[in-house]
Amino acid sequence: MTEPIIPSINLTLCNRCTQCVSGCPEQSLVMTERGPEFIKPITCTYCGDCEGLCPTGAIRAPLWVTWDAHV
Amino acid sequence: MQAEALNQIPIFSSLQADTRTAIARRAFTRNLPTGCTLLVEGLPAEYGYFVLSGELRALRMNQDGRVQILARFWTGDPINLISLLSQEHVNRATIETLTNSTLLVLSASDFNDLIHRHPDFSTLLLRQFAARLTKMTDLAADLSLYAVRARLARFLIELADLTPSHAGWTQDEIAAHIGTVRDVVGRLLRDFESADLIQRQRGQIVLLNRDELTRISKD
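So, here's what we can say about the structure.

A short note on the overall build of chain B
Within chain B, the secondary structure is distributed over nine helices and ten strands. Structurally, chain B occupies a C-alpha span of about 60 × 40 × 35 Å along its principal axes. Counting across all 219 residues of chain B, residues that qualify as buried make up 29%.

A short note on the packing of helix H6 (residues 148–161) of chain B against helix H9 (residues 210–217) of chain B
All names here are of chain B. Between H6 and H9, the shortest axis-to-axis distance is 7 Å and the interhelical angle comes to 135°. The angle between the axes of H6 and H9 places the two elements in the oblique class. Crossing geometry of H6 relative to H9 is assigned as left-handed. Contacts from Arg149, Ala150, Ala153, Arg154, Leu156 and Ile157 in H6 reach Leu213, Thr214, Ile216 and Ser217 in H9. The residue inventory of the contact of H6 with H9, partitioned by class, reads six nonpolar, two polar and two charged.

Observations concerning helix H5 (residues 119–145) of chain B
Compared with an ideal rise of 1.5 Å per residue, which puts 27 residues at 39 Å, H5 of chain B spans 38 Å between its outermost C-alpha atoms and is within 8% of the ideal. With respect to burial, H5 of chain B is a largely exposed element, only two of its 27 residues being buried.

Quick look at the nonpolar core
Core analysis: the biggest nonpolar cluster contains 27 residues, and Tyr49, Val51, Leu56, Ile79 and Ile95 of chain B have the highest contact counts within it. Sorting elements by how many residues they give to this core places strand E3 (residues 47–53) of chain B first, with four residues. If we ignore the near neighbours within four places in the chain, the residues touching Leu56 of chain B are Leu38, Val51, Phe73, Ile79, Ile95, Glu96, Thr97, Leu98 and Ser101 of chain B. Membership of the second largest hydrophobic core comes to 20 residues, among which are Leu63 of chain A together with Leu188, Phe192 and Leu213 of chain B.

A few points about the pairing of strand E9 (residues 198–201) of chain B
The side chains of a regular strand alternate between the sheet's two faces. All names here are of chain B. Of the pairings in the sheet, the one linking E9 to strand E10 (residues 204–207) comprises four bridges and is antiparallel in character. Residue pairing for E10: Arg200 is matched across the bridge by Ile205. If you look at the hairpin formed by E9 and E10, you'll find two residues sitting between the two strands, and Gly203 has a positive phi there, around 75°.

Focus: the sheet that holds E3 of chain B
Residue and element names in this part refer to chain B. With antiparallel pairing, the four strands of this open sheet are ordered in space as E1-E8-E3-E6. Lying at the two open borders of the sheet, with one neighbouring strand each, are strand E1 (28–32) and strand E6 (78–79). With five bridges joining them, E1 and strand E8 (residues 101–107) adopt antiparallel strand pairing. The residue bridging Asn31 from the neighbouring strand is Thr102, located in E8. Strands E3 and E8 of the sheet are contacted by helix H4 (residues 108–117), whose axis makes an angle of about 75° with E8.

Observations concerning the sheet that holds strand E5 (residues 64–67) of chain A
Taken together, three strands build an open sheet; the order of strands is E5(A)-E10(B)-E9(B) and the sheet is mixed. Taken across any chain shown, the strands that pair with only one partner, and hence form the sheet edges, are E5 of chain A together with E9 of chain B. Shown here is a sheet whose adjacent strand axes are inclined to one another by a mean of 20°, direction ignored.

Quick word on the interface of chain B and chain A
In this assembly, 23 residues from chain B lie in contact with 21 residues from chain A. Sort the elements by how many residues they give to the side of chain B that touches chain A and E10 of chain B lands first, with four residues. For the side of chain B that touches chain A, the per-class residue count stands at eleven nonpolar, seven polar and five charged. In this structure, E5 of chain A lies alongside E10 of chain B, joined through four bridges in parallel fashion. From the neighbouring strand, Val65 of chain A faces E10 of chain B, where its bridge partner is Ile205 of chain B.

Cut-off values and rules
- Along each chain, residue indices are assigned from 1 in the same order as the chain's sequence is written.
- Here every chain gets a letter starting at A, and every ligand a number starting at 1, in the order they are written.
- Residue-level local features of this predicted model are given only where pLDDT is at least 70; pairs of side-chain atoms are given and counted only at 80 or more, and the full residue set underlies all totals for whole chains, interfaces and linings.
- Segments assigned H or I by DSSP are reported as helices when at least four residues long, segments assigned E as strands when at least two residues long, and all are numbered from the N terminus.
- Between the buried cut of 20 or more and the exposed cut of 12 or fewer other C-beta atoms within 10 Å of a residue's own C-beta lies the partly exposed class, and all C-beta atoms are placed from the backbone.
- For helices, the fitted axis covers only the stretch in contact; all axes are lines through C-alpha atoms, and the angles between them, taken along N-to-C directions, range from 0 to 180 degrees.
- With respect to orientation, any angle under 35 degrees is reported as roughly parallel, any angle over 145 as roughly antiparallel, any angle of 65 to 115 as roughly perpendicular, and every other angle as oblique.
- Less than a right angle of anticlockwise turn of the near helix away from the far helix marks a crossing as left-handed, whereas a clockwise turn marks it as right-handed.
- Contact between two residues is assigned whenever their backbone-derived C-beta positions fall within 7 Å.
- Each residue is assigned to one of three groups, with Ala, Val, Leu, Ile, Met, Phe, Trp, Tyr, Cys and Pro labelled nonpolar, Asp, Glu, Lys and Arg labelled charged, and all others, Gly among them, labelled polar.
- Any helix carries an expected span of 1.5 Å times its number of residues minus one.
- We call a set of buried Ala, Val, Leu, Ile, Met, Phe, Trp, Tyr and Cys residues a nonpolar core when their C-beta atoms link them within 7 Å.
- Here, a strand pair is defined by DSSP locating no fewer than two bridges between the strands.

So yeah, pure geometry; function would need other evidence.
Right, dumping it as structure tokens:
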């Protein structure tokens, strides 16, 4: 089974403010010694809230835009 | 660097052979992985770059650490030209890689030397500036002529028509590109989804109705 796509975290930009951890509606993130990590990637819905809360741009939840195959 | 390598770079194709040789003699290439910081805003501008492959973004950070995305760079785009040519000589933005990237690097002194000795190199830079100024003028016109909803619809169509090799866009980047804020982008995407114009999947926005999105883009 392939891992679900989750937001990427640049730990060198992270200032450990924990806003992403407290703001995640699915509690998918925890703060570790290294920085925030997705402990339960399967529960992440890719809502992008963590990205929006991150004050340093360390979290990215990029979107790819495509046409529907029938358009 | 081999002069022949420059022949394969489209933006240098208009240059005379001796200019390409002069660039090749001075330039070197640099490979950077995804997520790497190339330049830091406010530090002295020491190098100019041309993107040979990959994708990068320019951003600025305020005192609270809040980030604003300014621009993206793709193959052929110059980076840090304004910083090198301005009086202050400091990096005007932080630049980081969005994908694995290869850059052609010129030092500030070599850059200035090429400008003074090779008019076709100066012309190339002027064309790049003209293209960037045109883009900014178009953006200013868009901001005054069209509503945010129309600008977002048009940008989504543009992105969907691009080749899929481009790096994805965050909602902040989309907001910065169309001149609004993230919350508005999020709300409009939800509106579009409710109207069955798009479908949001994990990491993907699928456009469902070209005719209606095109109509909205002209409102």
